[in-house]
Amino acid sequence: MLALVQVYNNESLRPLGAYDHQQQLDFSSSFIFQYCFTRMRSMWVFCLLLISLMGANGLDSFPKRFVAAKKKNTFTLPCGVTSKEDATWTFNDENVVQKAGSNLVIDGVGMPSVGNYTCSNGVESVSTYLLLQDEDERDFDSFLTCRAKSYNCTISCEWKDPKYKLVRLGLGHHCLEGNKSCSWEMGDGRLHFELTHKVSPFSEERDMLELTAQAITNYTLLKKTKRFYLRDIIQPDHPQIVKCQKKNGKVNLIIDPPCTWSAPGSFFPLEHEVKYKRTSGGQEMNVPPCSSPCPLNLPTRISKWNLKVRSRDLLVKSNWGKWTDWKIVTCS
């Protein structure tokens, strides 16, 4: 496909049309660029480039260094090398744009602008991959759900939008700013993430966590950030039904916390919600939230009941955790 590129006094690169910078044709488009710059440096130049359409699968990893620009805007790429006087710009390692010591200005950013730009002075070089900004305005929770099973050091997150195959998460302000010190988590094939935080479980939580998500699809970059307290995403795993006791004409259910819950239990108390029904079926009944041992308003003449339980943090009233499966329990 033909693409038209406009250059003015070596100060701006303006691709018009659409082309594929991932696959190159047999003849050298760099020759065309050099010819245009050599013959017509001080005037508007129109050059024809033959470049194939973009690869359907896009990027398979995050570029080492990248920026994102809004469509149709003018965007300036900094050169980045120490001495810019003899700097030369290359586009996707082939199309040459020579410039005399200044940054590269890209007019009318669009899909043809996307690719790897390298500024080199012969001694050092800096490469930057230009992406388009994703304009999806949905909120953070539309893309990602996170929970913490306890107050220990791990947060689990699941990416929900299947359109994005390339996703990474980072905790901390340095990730929000895109600093090199950010430790990004890439997740597994199901886009499940395990993040490590430094919130002490034994002190009052004063500072909010900052979670940044970056996702790439079709050469567009989506960036979302959310601030929250760890206590806001606490959701315990299901607890363990230990036994059902009959004592002094009353029925009590002894429940242990999940094995993943924080210890000691006296510092991290849980409350439980119990559902019960007859083993033969019938209507489900609820027991008001209680601490173990939970009093059950059950007739003592019936020994076996179908029970299930879930838990939450008693002090901060966290999200309710997962229910256990229905379990036939003998009360004795």
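The following paragraphs examine the structure supplied in this document. (Residues numbered from 1 in each chain as written. Predicted model: local features only at pLDDT ≥ 70, side-chain atom pairs only at ≥ 80, totals over all residues. Heavy atoms only, no water.)

## Here's the deal with the state of the cysteines
- One pass over the full model with this rule turns up 5 disulfides.
- Disulfide partner of Cys 175: Cys 182, at an S-S distance of 1.9 Å. What sets the handedness of the Cys 175 and Cys 182 disulfide is the S-S torsion sign, and at about 90° it is right-handed.
- Exposure remark for Cys 175: the relative accessible area of 0% places this residue in the buried category. (Disulfide = S-S within 2.5 Å. Buried < 20%, exposed > 50% of the residue type's maximum accessible area, 1.4 Å probe, protein only.)

## Some thoughts on the pairing of strand E17 (residues 240–247)
- Where E17 and strand E18 (residues 250–256) come together, 7 bridges link them in antiparallel fashion. Counterpart to Gln 245 in the pairing with E18 is Asn 252. (Pairing = 2+ DSSP bridges. Helix = DSSP H or I, 4+ residues; strand = E, 2+ residues; numbered from the N terminus.)

## Re the sheet that holds strand E23 (residues 327–330)
- One open sheet holds the 4 strands; their spatial order is E20-E19-E22-E23, and the pairing between them is antiparallel. Edge positions in the sheet fall to strand E20 (281–290) and E23, since each of these pairs with one other strand and no more. Neighbour-to-neighbour, the strand axes of the sheet open up by a mean angle of 35°, direction not taken into account.
- As paired elements, strand E19 (residues 270–278) and E20 share 5 bridges and run antiparallel to each other. Residue pairing for E20: Lys 275 is matched across the bridge by Asn 286. (Axes fitted to C-alpha atoms, helices over the stretch in contact; angles between N-to-C directions.)

## What to know about the sheet that holds strand E21 (residues 294–296)
- Spatially, the 3 strands line up as an open sheet ordered E17-E18-E21, and their pairing is antiparallel. Where the open sheet ends on each side, the last strands, each with one partner, are E17 and E21. This sheet shows a mean twist of 30° between the axes of neighbouring strands, independent of strand direction.
- Pairing of E18 with E21, which is carried by 3 bridges, proceeds in the antiparallel orientation. Across the sheet, the residue bridging to Asn 252 is Pro 295, located in E21.

## Considering the nonpolar core
- Residues Ile 155, Cys 157, Trp 159, Val 167, Leu 169, Leu 211 and Leu 230 are the most contacted members of the largest nonpolar core, which totals 27 residues.
- When residues of this core are traced back to their parent elements, those giving at least two are strand E12 (154–159), strand E13 (166–171), strand E14 (192–196), strand E15 (209–217) and strand E16 (220–228).
- If you tally residues by element for this core, the top one is E15, at 4 residues.
- Judged by nonpolar contacts, the second largest core, of 25 residues, contains Leu 77, Trp 89, Phe 91 and Val 109. (Core = buried A, V, L, I, M, F, W, Y, C linked by side-chain atoms within 4.5 Å.)

## What to know about the side chain of Glu 273
- Tracing the chain through its elements places Glu 273 in strand E19.
- Overall, the relative accessible area of 13% leaves Glu 273 in the buried class.
- Within the structure, the side chain of Glu 273 is placed 2.8 Å from the side chain of Arg 310, a separation counted as a polar contact.
- If near-sequence neighbours (up to four positions away) are discounted, Glu 273 is found in contact with Asn 286, Val 287, Lys 308, Val 309, Arg 310, Trp 320 and Trp 323. (Polar contact = N/O pair within 3.5 Å; in protein donor to acceptor, adjacent residues only side chain to side chain. Contact = heavy atoms within 4.5 Å.)

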